[in-house]
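This is what each chain is made of:
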Amino acid sequence: MMNASPSRPARHAEWSAAAAAAVTVVLWASAFVSIRSAGAVYSPGALALGRLLSGALVLGIVCLIRREGWPPRAAWRGIAISGVFWFGFYSVVLNWGEQQVDAGTAALVVNIGPLLIALLGARLLGDPMPPRLLAGMAVSFAGAVTVGLSMSGEGGSSVLGVVLCLLAAVAYAAGVVAQKPALNTASALQVTTFGCLVGAALCLPFAGQLVHEASRAPVSATLNMVYLGVFPLAMAFTTWAYALARTTASRMGATTYAVPALVVLMSWLFLGEVPGLLTLGGGVLCLAGVAVSRSRARRTPAQQPHTTPEQVSATEP
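Residues numbered from 1 in each chain as written. Predicted model: local features only at pLDDT ≥ 70, side-chain atom pairs only at ≥ 80, totals over all residues. Heavy atoms only, no water.

*Asks:* I tried to follow the nonpolar core on my own but got confused; where do I start?
*Replies:* When a protein is soluble and globular, its nonpolar side chains tend to lie buried together. Ranked by size, the top nonpolar core spans 69 residues in total, and within it Tyr-42, Trp-86, Tyr-90, Val-176 and Trp-240 carry the most contacts. Not counting residues within four places of it along the chain, the set of residues in contact with Trp-86 comprises Trp-28, Ile-81, Ser-91, Ala-171, Tyr-172, Gly-175, Val-176, Gln-179, Phe-237 and Trp-240. (Core = buried A, V, L, I, M, F, W, Y, C linked by side-chain atoms within 4.5 Å. Buried < 20%, exposed > 50% of the residue type's maximum accessible area, 1.4 Å probe, protein only. Contact = heavy atoms within 4.5 Å.)

*Asks:* Would you take a moment to explain helix H2 (residues 44-66) for this structure?
*Replies:* A turn of α-helix holds 3.6 residues, and therefore any two residues three or four places apart point the same way. Taking 1.5 Å per residue as the helical rise, H2 with its 23 residues ought to reach 33 Å, and the 33 Å between its terminal C-alpha atoms agrees with that figure. Just downstream of H2 lies Arg-67, where phi reads positive at about 55 degrees. (Helix = DSSP H or I, 4+ residues; strand = E, 2+ residues; numbered from the N terminus. Expected span 1.5 Å × (residues − 1).)

*Asks:* What exactly am I supposed to notice about a nonpolar patch on the surface here?
*Replies:* Judged by side-chain polarity, Val-84, Phe-85, Phe-89, Val-159, Val-163, Leu-167 and Leu-202 come together as a nonpolar surface patch covering roughly 570 Å² of accessible area. Breaking the nonpolar patch down by element, the ones donating at least two residues are helix H3 (76-97) and helix H7 (159-182). Within the element layout of this structure, Leu-202 appears in helix H8 (residues 188-202). What makes Leu-202 partly exposed here is its relative accessible area of 42%. (Patch = residues over 30% accessible without salt bridge, like charges linked within 9 Å, V, L, I, M, F, W, Y side chains within 5 Å. Areas by Shrake-Rupley, 256 points an atom, 1.4 Å probe, with all protein chains shown as cover. Salt bridge = Lys/Arg side-chain N within 4 Å of Asp/Glu carboxyl O.)

*Asks:* Which parts of the structure should I look at to understand the packing of H2 against helix H9 (residues 207-214)?
*Replies:* The relative placement of two packed helices is expressed as an angle between their axes plus a distance between the axes. Viewed as axis vectors pointing N to C, H2 and H9 meet at an angle of 90 degrees, and their least axial separation amounts to 8 Å. Our classification of the angle between H2 and H9 gives roughly perpendicular. On H9, the residues touching Ala-46, Leu-49, Gly-50 and Leu-53 of H2 are Ala-207, Gln-209, Leu-210 and Glu-213. Its residues assigned to classes, the contact of H2 with H9 comprises five nonpolar, two polar and one charged. (Axes fitted to C-alpha atoms, helices over the stretch in contact; angles between N-to-C directions. Parallel < 35°, antiparallel > 145°, perpendicular 65-115°, else oblique. Nonpolar A, V, L, I, M, F, W, Y, C, P; charged D, E, K, R; others polar.)

*Asks:* Which parts of the structure should I look at to understand the packing of aromatic side chains?
*Replies:* How two aromatic rings sit relative to each other is given by the distance of their centres and the angle of their planes. In the structure shown here, the tally under the stated rule is 13 aromatic pairs. Between Trp-70 and Trp-76, the aromatic rings sit 6.1 Å apart at their centres with planes inclined by 40 degrees, giving tilted as the arrangement. Exposure remark for Trp-70: the relative accessible area of 66% places this residue in the exposed category. Taking 5.7 Å as the distance between ring centres and 45 degrees as the angle between the ring planes, the aromatic pair formed by Trp-86 and Tyr-172 counts as tilted. You can see Trp-86 sitting in helix H3 and its partner Tyr-172 sitting in helix H7, a full 86 residues away along the chain. Under the relative-accessibility criterion, Trp-86 is labelled buried at 2%. Overall, Tyr-172 belongs to the buried group, its relative accessible area being 6%. Cluster of aromatic residues (ring-pair linked, three or more members): Trp-28, Trp-86, Phe-87, Tyr-90, Tyr-172, Phe-237 and Trp-240. Over the ring of Tyr-242 we find Arg-246; its NZ or CZ atom is 3.6 Å from the centre of that ring. (Phe/Tyr/Trp six-rings, centres within 6.5 Å; stacked < 30°, edge-to-face > 60°. Lys NZ or Arg CZ within 6 Å of the ring centre and 35° of its normal.)

*Asks:* Would you mind showing me how to read the packing of H2 against helix H10 (residues 219-244) here?
*Replies:* Running from amino to carboxyl end, H2 crosses H10 at an angle of 55 degrees, the nearest separation of the two axes being 7 Å. Regarding the angle of H2 to H10, the classification is oblique. Crossing angle aside, the handedness with which H2 passes H10 is right-handed. Of H10, the residues touching H2 (which contributes Ala-46, Leu-47, Gly-50, Arg-51, Leu-52, Ser-54, Gly-55, Val-58 and Leu-59) are Met-225, Val-226, Leu-228, Gly-229, Val-230, Pro-232, Leu-233, Ala-234 and Thr-238. The class makeup of the residues in the contact of H2 with H10 is 12 nonpolar, five polar and one charged. (Left-handed = near helix turned anticlockwise from the far one by under 90°.)

*Asks:* When you look at the side chain of Glu-68 in this model, what are you seeing that I'm missing?
*Replies:* By the element assignment, Glu-68 lies in the loop between H2 and H3. The class of Glu-68 is buried, set by a relative accessible area of 19%. Sequence-distant contacts of Glu-68, defined by excluding residues within four places in its chain, comprise Cys-63, Ser-187, Leu-189 and Gln-190.

Take a look at the structure:
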């Protein structure tokens with residue numbers, strides 16, 4: 001009788017992907033804290049370009065050291081689409097949107113992204129939609145709504161800002177779904193590096209603004225911009241691509257629902273913004289939903305003889 005439990009290499013790969021996803025979520029959450037500082041000095045386009053150039057420099061050096069080379073031709077379509085939509089367009093419109101609406105509204109609208117990823121992934125990539133994933137996404141989205149509503153009284157909002165954040169969510173979803181097939185033939189580092197270069201090329205019209213604003217910006221704002229490029233972009237996008245190559249786009253999208261909860265915690269620790277009970281409750285819901293979406297249903301002994309370790313790995317949501 002063949003044991004249905006995943007093999008040791010399969011379990012190692014699963015835990016490695018989970019660890020990479022955790023690194024991504026923490027670094028992406030930290031980006032919100034840095035953007036609050038750098039965004040007060042740099043315009044949206046200049047901040048996006050500075051961040052992308054910083055990230056591209058680090059990624060390019062790592063690629064040269066590792067001798068990664070050019071991605072295979074089959075991967076370029078996905079790299080180009082994700083570079084345009086996620087690295088380039090998303091960066092600019094999100095920076096712009098957060099100047100128009102308060103943090104709660106922005107977090108609420110952008111968190112439509114994982115839902116769009118699940119829908120696009122099921123439609124275009126054939127991703128499974130198991131009940132646990134759907135339940136976890138529902139719980140996390142309820143938590144994101146709670147966080148957004150609890151924080152929405154801190155600032156004004158505008159129709160333009162909401163539209164910009166919605167466009168950011170759409171670009172985020174499109175970029176993730178386009179990136180997934182590229183990872184079948186190219187490495188996570190290649191997909192991230194060249195996607196970042198595509199995004200930087202798209203933002204080159206903002207080069208004049210970047211030079212002008214950098215000459216007058218305080219050192220702290222410029223360091224925050226560089227941090228955004230090196231860690232939440234270069235490192236976090238690479239760990240994201242690594243994890244995405246080992247699971248479905250829908251499941252990875254659900255993982256990012258932990259970001260609002262971590263943003264609340266980091267704002268509390270680093271900015272002295274004490275969250276209310278409703279905000280904390282929403283953060284707990286976000287984390288609980290992620291835990292549910294990434295959990296596996298226990299298999300009964302009756303199912304074990306009919307399932308191979310390879311099938312378990314292949315069908316894992």
